[in-house]
Amino acid sequence: MFSKPFFPKLSTKQLVSLAMLMALSVVVSKFSIPIIPNQLVFSLTFIASAMIGAIGGPAYGFVALALIDLIDSMTGGTANFIIWWTLMEAVQGALYGFFFYGKSLSWTSKMDWAYVSLATLVIMIFGTFIFTPLLTQIYFKVPIAAQFIAGRWLKIFEIPVRVILTMLVLTQLQRLRDWRQLTGIKK
């Protein structure tokens, strides 16, 4: 039914690369820019997440982003540990893996731009526009409408930034022989 196993066998190089990207993600998250404290933050961690998904696929993307959230919670990245945020991050990791695992992208291909735009939209709709506001309402009693009125809607301007940076980083990485070996992309 599926051409690739759910948990593909990782080489040592892939495992080390995933661990380094996880560490990079934790470090980059410390440089997030809060737009609205405890509600709206801009961070470049999505780049590391896309790279993790490209190397590990949906299953390892799920595990890696869950571990990143746990590590971030333990190192003081978030004031409150809530398992549902960890699960949301994990599902986003699976989505990054689903969209970018084994996917060759070209800077000049309009279809690839549309593909990355769709991937970004799906991931952001899931995490940024549905579950983060829902969990914020449940745990911090901030109504969803108030969150959007206060500025959550501004995250729509992050979508093109994410698309451009994802295309820029992944297409440049795919030019490297070692990256193609890590991700299994044939050129």
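Thresholds, definitions, all that
Every chain is numbered independently, its residues counted from 1 as its sequence is written. Local features are withheld for residues below a pLDDT of 70 in this predicted model, meaning they are given only at 70 or higher, and side-chain atom pairs are given and counted only at 80 or more; totals for whole chains, interfaces and linings count all residues. For side-chain calculations, the full set of non-hydrogen atoms in the structure is used, while hydrogens and water are omitted. Points on a 1 Å grid over protein atoms alone make up a cavity when a 1.4 Å probe fits among them but cannot get out, and a pocket when they form an open set with protein on both sides within 12 Å along at least five of seven lines; lining residues each have an atom within 4 Å of a point. Grid points are joined across faces, edges and corners, and a volume is the space filled by probe spheres set on the points. Every helix listed is a DSSP run of H or I at least four residues long, and every strand listed is a run of E at least two residues long, numbered separately from the N terminus. Gly falls in the polar group here, along with every residue not listed as nonpolar (Ala, Val, Leu, Ile, Met, Phe, Trp, Tyr, Cys, Pro) or charged (Asp, Glu, Lys, Arg). One side-chain nitrogen of Lys or Arg within 4 Å of one carboxyl oxygen of Asp or Glu is enough to make a salt bridge. Relative accessibility thresholds used throughout: buried, under 20% of the residue-type maximum; exposed, over 50%; partly exposed, between the two (1.4 Å probe, protein chains only). Under the pairing criterion, centres of Phe, Tyr and Trp rings, with the six-membered ring standing for Trp, must be within 6.5 Å; the plane angle then separates stacked pairs below 30 degrees from edge-to-face pairs above 60, leaving the rest tilted. UniProt positions are given in the numbering used here, feature names are shortened, and annotations may be inferred rather than shown by experiment. Take the residue count of a helix, subtract one, and multiply by 1.5 Å to get its expected span. One axis fitted to the seven residues ending at a residue, another fitted to the seven starting there: the angle between these axes is the bend at that residue. Convention adopted: a line fitted to C-alpha atoms gives each axis, helices being fitted over their contacting stretch, and angles between N-to-C directions are expressed from 0 to 180 degrees. Each angle receives one of four descriptions, namely roughly parallel if under 35 degrees, roughly antiparallel if over 145, roughly perpendicular if within 65 to 115, and oblique otherwise. The crossing is said to be left-handed when, going from far helix to near helix, the turn is anticlockwise and less than a right angle, and right-handed when the turn is clockwise. By definition, residues are in contact when any of their heavy atoms lie within 4.5 Å.

An unreviewed UniProt entry lists the protein chain under the name Folate family ECF transporter S component, from Streptococcus sobrinus.

Draft legend 1. Empty space enclosed by the protein, seen in detail. Evaluation of the coordinates by the stated rule reveals 1 cavity of 30 Å³ or more. Counted as a void, the largest cavity has a volume near 50 Å³. Contributing elements (two or more residues each) for the lining of the largest cavity: α3 (83-100), α4 (110-140) and α6 (158-173). Looking at the lining of the largest cavity, the element that brings in the most residues is α4, giving 3 residues. When its residues are assigned to classes, the lining of the largest cavity shows 5 nonpolar, 2 polar and 1 charged.

Draft legend 2. The pattern of salt bridges, seen in detail. Scanning all chains against the criterion turns up 5 salt bridges. Measuring nitrogen to oxygen at the nearest pair gives 2.6 Å for the salt bridge that ties Glu158 to Arg162. Placement of both Glu158 and Arg162 in helix α6 is noted, with a separation of 4 residues, approximately one turn of the helix. By the burial criterion, Glu158 is buried, and Arg162 matches it.

Draft legend 3. Main features of the packing of aromatic side chains. Within the structure shown, the criterion is met by 9 aromatic pairs. Arranged with centres 6.3 Å apart and planes meeting at 25°, the rings of Tyr96 and Phe100 form a pair that is stacked. Here Tyr96 pairs with Phe100, and both are found in helix α3, just 4 residues apart, close to one helical turn. Where Trp153 meets Phe157, the ring centres are 6.1 Å apart and the plane angle is 70°; that geometry is what we call edge-to-face. The exposure class assigned to Trp153 is partly exposed, which follows from its relative accessible area of 42%. Overall, Phe157 belongs to the exposed group, its relative accessible area being 53%.

Draft legend 4. Region of interest: the UniProt feature "transmembrane region" (unreviewed entry) in the protein chain. Look at the UniProt record and you will see "transmembrane region" (unreviewed entry) annotated at residues 15-33, 40-62, 82-101, 113-140 and 152-170. Along residues 82-101, the helical share is 90% and the strand share 0%, with 28 Å between the first and last C-alpha atoms. As annotated, residues 152-170 has a helix share of 68% and a strand share of 0%, and its two end C-alpha atoms lie 27 Å apart.

Draft legend 5. Helix α2 (residues 45-74), seen in detail. A rise of 1.5 Å per residue sets the reference length of α2, with its 30 residues, at 44 Å; its end C-alpha atoms lie only 18 Å apart and thus fall more than 12% short of the reference. The largest bend along α2 reaches roughly 130° and is located at Gly57, with the proline Pro58 sitting one to four residues downstream. For α2, a buried count of 23 out of 30 residues is recorded, marking the element as mostly surrounded by other parts of the structure. A positive backbone phi angle near 85° is found at Gly76, which sits one or two residues after α2.

Draft legend 6. Spatial organisation of the packing of α2 against α6. Close contact between α2 and α6 brings their axes to 10 Å; oriented N to C, the two are set at 45°. The angle between α2 and α6 falls in the class oblique. Of the two possible hands of crossing, α2 and α6 adopt the one that is right-handed. Packed against α2, whose contacting residues are Phe46, Ile47, Ala50 and Met51, the element α6 presents Arg162, Leu165, Thr166, Val169, Leu170 and Leu173 at the interface. Residue composition of the contact of α2 with α6, grouped by class: 8 nonpolar, 1 polar and 1 charged.

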